[in-house]
Amino acid sequence: LSVIVSSRNPELVAMFNLPVVSYQAGSEIVAAGGYNQRLMGYMVDNEGFIDFPVLGKLKVAGLTRWELSEMIKGRLLDDGLLSDAVVTVEFMNFKISVIGEVSSPGTYVIEGDKVTVLQAISLARDLTIFGRRDNVSVIREKDGERVIYEVNLTDVNMFKSPAYYLQQN
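Residues numbered from 1 in each chain as written. Predicted model: local features only at pLDDT ≥ 70, side-chain atom pairs only at ≥ 80, totals over all residues. Heavy atoms only, no water.

## Observations regarding the nonpolar core
Of all hydrophobic cores here, the largest spans 21 residues; its most connected members are Ile 96, Val 98, Val 117, Val 138, Val 151, Leu 153 and Leu 166. Breaking this core down by element, the ones donating at least two residues are β7 (94-98), β8 (106-110), α3 (117-123), β9 (136-142) and β10 (145-151). Leave out the neighbours within four places in its chain, and Leu 153 touches Val 117, Leu 118, Ile 121, Leu 127, Arg 133, Asp 134, Val 136 and Met 158. Listed in part, the 18 residues of the second largest apolar core include Phe 16, Ile 72, Ala 85 and Val 87. (Core = buried A, V, L, I, M, F, W, Y, C linked by side-chain atoms within 4.5 Å. Buried < 20%, exposed > 50% of the residue type's maximum accessible area, 1.4 Å probe, protein only. Helix = DSSP H or I, 4+ residues; strand = E, 2+ residues; numbered from the N terminus. Contact = heavy atoms within 4.5 Å.)

## So, the packing of aromatic side chains
Enumeration over the complete set of coordinates arrives at five aromatic pairs. On the basis of an interplanar angle of 40° and a centroid distance of 5.4 Å, the ring pair of Tyr 42 and Phe 52 is categorised as tilted. With Tyr 42 in the loop between β3 (35-39) and β4 (49-52) and Phe 52 in strand β4, this residue pair connects regions lying ten residues apart in the sequence. Each member of the pair, Tyr 42 as well as Phe 52, carries the same accessibility label: buried. With a centroid separation of 5.2 Å and an interplanar angle of 65°, the aromatic rings of Phe 159 and Tyr 164 are classed as edge-to-face. For the cation-ring pair, Arg 65 lies above Trp 66, with the distance from its terminal atom to the ring centre recorded as 4.5 Å. The ring of Tyr 165 carries Lys 114 above its face, with NZ or CZ at 4.8 Å from the centroid. (Phe/Tyr/Trp six-rings, centres within 6.5 Å; stacked < 30°, edge-to-face > 60°. Lys NZ or Arg CZ within 6 Å of the ring centre and 35° of its normal.)

## Points about the environment of Ala 120
The residue Ala 120 is located in helix α3 in this model. Considered as a pair, Ala 120 and Ile 110 are ten residues apart in the sequence and their alpha carbons are 9.4 Å apart. Discounting chain neighbours no more than four positions away, the residues touching Ala 120 are Ile 96, Val 98, Val 115 and Leu 166.

## Details of a nonpolar patch on the surface
Where nonpolar side chains cluster on the molecular surface, the patch consists of Leu 118, Val 156 and Phe 159 and spans about 280 Å² of accessible area. With respect to the helices and strands, the residue Phe 159 is situated in the segment after β10. (Patch = residues over 30% accessible without salt bridge, like charges linked within 9 Å, V, L, I, M, F, W, Y side chains within 5 Å. Areas by Shrake-Rupley, 256 points an atom, 1.4 Å probe, with all protein chains shown as cover. Salt bridge = Lys/Arg side-chain N within 4 Å of Asp/Glu carboxyl O.)

## Some thoughts on the pattern of salt bridges
With the rule as written, the count across this model stands at four salt bridges. The salt bridge partner of Asp 45 is Lys 57, with a shortest N-O separation of 3.4 Å. Linking Asp 45 in the loop between β3 and β4 with Lys 57 in strand β5 (residues 56-59), this pair joins segments that are twelve residues apart in sequence. Given a relative accessible area of 55%, Lys 57 falls into the exposed group.

## A look at the confidence of the model for the chain
Interpretation of the predicted coordinates at a detailed level should be avoided for regions scoring low in pLDDT. Averaged over every residue, the pLDDT of the chain is 85; the share at 70 or more is 88%. α3 holds the highest mean pLDDT among the elements of the chain, 94, whereas β3 holds the lowest, 55. Here residues 27-34 scores under 50 on pLDDT; set against residues more than four positions off or in separate chains, the count is six contacts. (pLDDT = per-residue confidence, 0-100.)

## Brief notes about helix α2 (residues 65-78)
With 14 residues, α2 should reach 20 Å at 1.5 Å per residue; the first-to-last C-alpha distance of 20 Å fits that figure. Within α2 the residues assigned to the buried category are Leu 68, Ser 69, Ile 72 and Leu 76. Here the buried residues of α2 occupy an arc of 100° about the axis, which is enough to place them on one side. For α2, exposure combined with an orientation more than 90 degrees from the buried face picks out Trp 66, Glu 70, Leu 77 and Asp 78. (Expected span 1.5 Å × (residues − 1). Arc of directions from axis to C-beta.)

## Quick look at unusual backbone geometry
With phi around 70°, Val 54 is a residue other than glycine that occupies positive phi space. Tracing the backbone shows Val 54 in the loop between β4 and β5. Its identity is not glycine, yet Arg 125 carries a phi of approximately 60°, on the positive side. Within the element layout of this structure, Arg 125 appears in the loop between α3 and β9. You can call Arg 125 exposed: its relative accessible area is 59%.

Here it is, written out as structure tokens:
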């Protein structure tokens, strides 16, 4: 997760924000000077926690980006650390894989926090003529078990399917 805390006083928020690191790319062309920059993020552990500076371990599992943003903002205010905090939370590595009878199979990085099965197929440049629109599989891992959902793209009820919105990986 990317968590950025902003305020009118940049010195106060510096302790809450991870650094932007520069790295040198091997053989690819990068920004002037041969270095590229990347924002550091918070890894969510297996129990659903992140280790946030000053506030410590925060339970983030099950929260939306907005709920987490409000929780951190509230803690900063309640603890008297910042009075005018603006907290922005974004996903950094939301990836999905699209394989099978699509024009461009592969792994796709999603910029937002929601993607539908239709958008995923669109990213892969649509099903080929051989693709079965009435039998699309969405595979998830839940609690260590693989769950397979069958989605019929020709049926309006697909919008009610638990597999309509995709999840990480």
